[in-house]
Every structure is written in C-alpha cells, then in structure tokens.
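Listed below are the residues making up each chain.
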Amino acid sequence: MDFSAELIAWYTHNKRDLPWRNTTDAYIIWLSEIILQQTRVEQGMPYFYRFAEKYPTVTAFAAAHEDEILRLWQGLGYYSRGRNMLKTAQLVQEQYKGIFPVSYNELIKLKGIGEYTAAAISSFSSNEAKAVVDGNVYRVLARYFGIDEAINSPKGKKMFQKIADDVLDNARPALHNQAIMEFGAMLCKPKNPACGICPVHINCVAFKTNATSYLPVKLKTIKIRKRHFNYMLISDGKKILMNKRNEGDIWANMYDLPLIETPELTDPIELLQLPQMKVFGNDVALKDNSAVIKHVLTHQHLYVRFLMLKDFPEKLQGNWFYTDVENLKDLALPKPIFIFIKYFFNF
Ligand code: SF4
C-alpha cells in the first residue's frame with residue numbers, strides 16, 4: 001500500500017465521528033472549518049452546534065446582526081473570524097443567490113477563505129482534487145519525508161504544498177484529506193507521537209532517524225506586544241458605563257468598559273493623576289481595584305486591571321453608553337471583561 005492508501009485504511013477504522021464529516025453541504029463545512037481554525041475540536045464543537053442550529057443556511061446567517069454573531073462567538077477568540085463570516089455569508093447571499101460555492105477557484109475569492117479552507121471545502125463538498133495543508137499535514141509530511149525546511153518560510157510552504165499535491169489520492173481527495181488531517185491530530189501528534197502503533201512507521205524518516213521531536217521546523221518570527229489595559233468600572237449596581245470598541249484593534253465592535261491604556265504597568269493611585277483620567281471628572285476617587293490579570297492573545301499579551309470608581313463622569317465620551325447590568329448578558333464581551341463582570345455582578 002502507498003502512503004495515502006495506508007492513511008485512508010487507518011482513518012476508516014479509527015476516525016472520530018464529527019458532525020461536519022457526515023455532510024457535503026459546503027455551508028456547514030465552511031462553518032465548521034472557520035470555527036475550528038486555531039481551536040481544539042472539543043472547544044469548537046459547542047460553537048459549531050450553536051451556529052448550525054441558529055443559522056441552518058447561509059441565507060439565515062447572512063440575515064444576522066453583527067452583534068448577534070459576536071455574542072454567539074463570545075469565548076472562542078479571534079473575533080475577526082465571526083465578523084468576516086458575516087461579510088462572506090452576505091456576499092454569498094448576494095452574488096451566489098444563497099448557494100455556497102463548492103469550487104476551489106470560487107471559494108478562494110471569498111473573504112476569510114485561504115488556500116487551506118478552499119481546499120478543504122472544495123474537496124469535502126464536491127470531491128475536487130485539492131490537497132489540504134494545515135498544521136497537522138505539515139507535521140505528518142515533515143516527519144514522514146524527513147523535511148527540515150521551515151514550514152512557515154515561503155520556500156517551505158511551496159515545498160510542502162508540492163509534496164501534499166504529489167501524495168494526494170486524486171480518485172479519493174475528500175477521504176485522503178480527512179485521513180491525513182485526522183492522522184496528524186490523533187497519531188502523529190506534536191508531542192509524543194504514537195509511532196509504536198503507526199501504520200507507516202517503517203518508511204517514516206523521522207522515526208528511523210529519531211527526529212520526531214525536531215520536526216517540523218518553524219521559524220520564530222512572532223514578536224509579542226505587551227499592552228497594559230486599565231478598565232474603569234463605573235456602576236451603581238443597576239446601571240454600568242460601557243464602551244463599544246472601534247474597528248482597527250483587537251475585539252473590534254465588541255463591548256468593553258472605558259479604557260485607559262498605559263505604556264507600562266501603572267499603580268492605581270498614580271493612574272488617577274494621569275491627564276487622561278480627566279474625562280472621568282476633576283477629582284476622581286477610587287473605590288477599589290482588582291489585581292492585574294494576564295490575558296494571552298497570539299501576538300499580544302494584555303495586562304488587564306479593573307478600577308472601580310466612586311463617581312460618574314459628567315460627559316460621555318466617544319462610544320460610551322449606560323446600560324442595565326441585567327442587559328450585559330446580551331452584549332458580546334471579550335473574555336477577560338466577561339469573566340470579571342460576571343464575577344463582580346454575580347450573574
Ligand atoms: S512513525 Fe511516528 S513520526 Fe512517523 S508518521 Fe508515524 S506517528 Fe508520525
């Protein structure tokens with residue numbers, strides 16, 4: 001048996017029964033693919049069910065309000081995915097009359113759909129012979145063929161796509177793609193791959209040369225930005241002052257509290273003296289403050305502190321607005337804000 005046939009045989013007996021595997025509906029496959037990007041299956045599954053139930057068709061999705069999408073997305077992170085999905089659904093509704101495209105060349109034109117997602121949707125929905133290359137596939141190919149070219153270098157990307165295309169079973173592309181991804185997720189795992197029970201270990205270069213822990217190679221290019229968020233919690237217990245975030249930064253169009261961002265960690269008492277605090281009044285007094293909470297995003301580390309102020313500002317700034325505390329459940333809140341507010345108001 002060749003490499004692909006071995007993986008398909010393994011997959012047939014060992015695959016997990018995941019809901020999006022039992023359909024060729026391109027819309028449902030798209031939904032699952034976007035939800036599962038950068039997300040573990042167990043974490044993404046409830047979100048998939050939630051979205052598929054609320055919006056069973058792309059037409060229903062396209063008619064949703066952005067606030068509703070962000071609210072359902074809450075806790076999943078990478079919120080731009082939810083916003084892009086809405087734009088894509090609206091475009092599919094307008095340009096394709098609500099019929100989700102199934103060909104790679106049409107899919108790749110849509111917002112939020114890159115090479116991997118276009119290959120996944122086209123192969124799973126219409127059996128188009130396009131090889132998927134995601135993190136699992138990079139790992140399997142790098143180890144099996146013993147390739148130490150960095151998977152995130154332009155040269156490496158081309159090289160791995162070429163190998164993925166070469167090993168693709170053109171007669172069974174959907175099955176092949178599912179098999180190689182599942183194999184990477186379940187057997188050829190990042191840490192402690194199950195080489196002892198691996199059906200292709202005899203020809204695996206990494207296994208033979210004891211190099212599984214060195215492959216795949218990835219260049220470290222990400223520079224982490226540290227940010228210090230000081231949130232003002234202004235509430236009489238019934239109403240709370242909120243802010244709708246602008247586009248162009250993390251958590252775009254979601255809801256948080258009035259924010260003072262400082263270049264470094266600043267003591268709450270010092271913070272009260274900053275000129276930016278004038279927007280809260282001339283003589284701002286502090287009731288209490290939280291500890292600093294670290295919140296990790298892919299390219300940013302946020303150090304978040306909440307300050308409970310005694311007084312209400314005279315004038316509302318920018319996107320500030322008051323809302324009833326009981327309405328907070330209906331707003332899309334970034335995770336650290338949601339956790340703190342939930343704890344603070346005990347809901
Ligand atoms: S032998 Fe180990 S490293 Fe090689 S493909 Fe199998 S699980 Fe992956």
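Not measured: the values here are computed from a predicted model.

Cut-offs and rules
- Residues numbered from 1 in each chain as written.
- Predicted model: local features only at pLDDT ≥ 70, side-chain atom pairs only at ≥ 80, totals over all residues.
- Heavy atoms only, no water.
- Pairing = 2+ DSSP bridges.
- Helix = DSSP H or I, 4+ residues; strand = E, 2+ residues; numbered from the N terminus.
- Buried < 20%, exposed > 50% of the residue type's maximum accessible area, 1.4 Å probe, protein only.
- Arc of directions from axis to C-beta.
- Contact = heavy atoms within 4.5 Å.
- Axes fitted to C-alpha atoms, helices over the stretch in contact; angles between N-to-C directions.
- Left-handed = near helix turned anticlockwise from the far one by under 90°.

A. Quick peek at the sheet that holds strand 2 (residues 239-244). Taking strand neighbours across the sheet as the criterion, the 3 strands line up as 3-2-8 in an open arrangement whose pairing is antiparallel. Looking at which strands have only one partner, the edges of the open sheet turn out to be strand 3 (255-256) and strand 8 (320-324). The sheet contact formed by strand 2 and strand 3 spans 2 bridges and is antiparallel. Looking at strand 3, one finds that Lys244 is bridged to Tyr255.

B. Summary view of helix 14 (residues 335-345). Along helix 14, the positions that sit buried rather than exposed are Pro336, Ile337, Phe340, Ile341 and Phe345. The arc that holds the buried residues of helix 14, viewed along the axis, is 135 degrees, so those residues lie on one side. Opposite the buried face of helix 14, at more than 90 degrees from it, the exposed residues are Ile339 and Tyr343. In this fold, the buried residues of helix 14 make contact with strand 1 (225-233), strand 2, strand 3, strand 6 (293-296) and strand 7 (300-309). Looking one or two places after helix 14, you find Asn346, whose phi comes out positive at around 60 degrees.

C. Representation of the packing of helix 2 (residues 26-36) against helix 8 (residues 115-126). At a closest axis distance of 9 Å, the pairing of helix 2 and helix 8 adopts a crossing angle of 145 degrees. Here helix 2 runs over helix 8; the crossing is right-handed. Contacts between helix 2 and helix 8 pair Ala26, Ile29, Trp30, Glu33 and Ile34 from the former with Tyr116, Thr117, Ala120, Ile121, Phe124 and Ser125 from the latter.

D. Focus on unusual backbone geometry. Omega for the peptide link from Leu215 to Pro216 comes to 0 degrees, which places this bond in the cis form. One can find Pro216 in the loop between helix 12 (205-208) and strand 1. Located in the positive-phi region is Tyr78, a residue other than glycine, with phi close to 45 degrees. Positionally, Tyr78 belongs in the loop between helix 5 (66-73) and helix 6 (80-95). Positive phi outside glycine occurs at Asn192, with the angle close to 50 degrees. With respect to the helices and strands, the residue Asn192 is situated in the loop between helix 11 (173-186) and helix 12. Classification of Asn192 as exposed rests on a relative accessible area of 66%.

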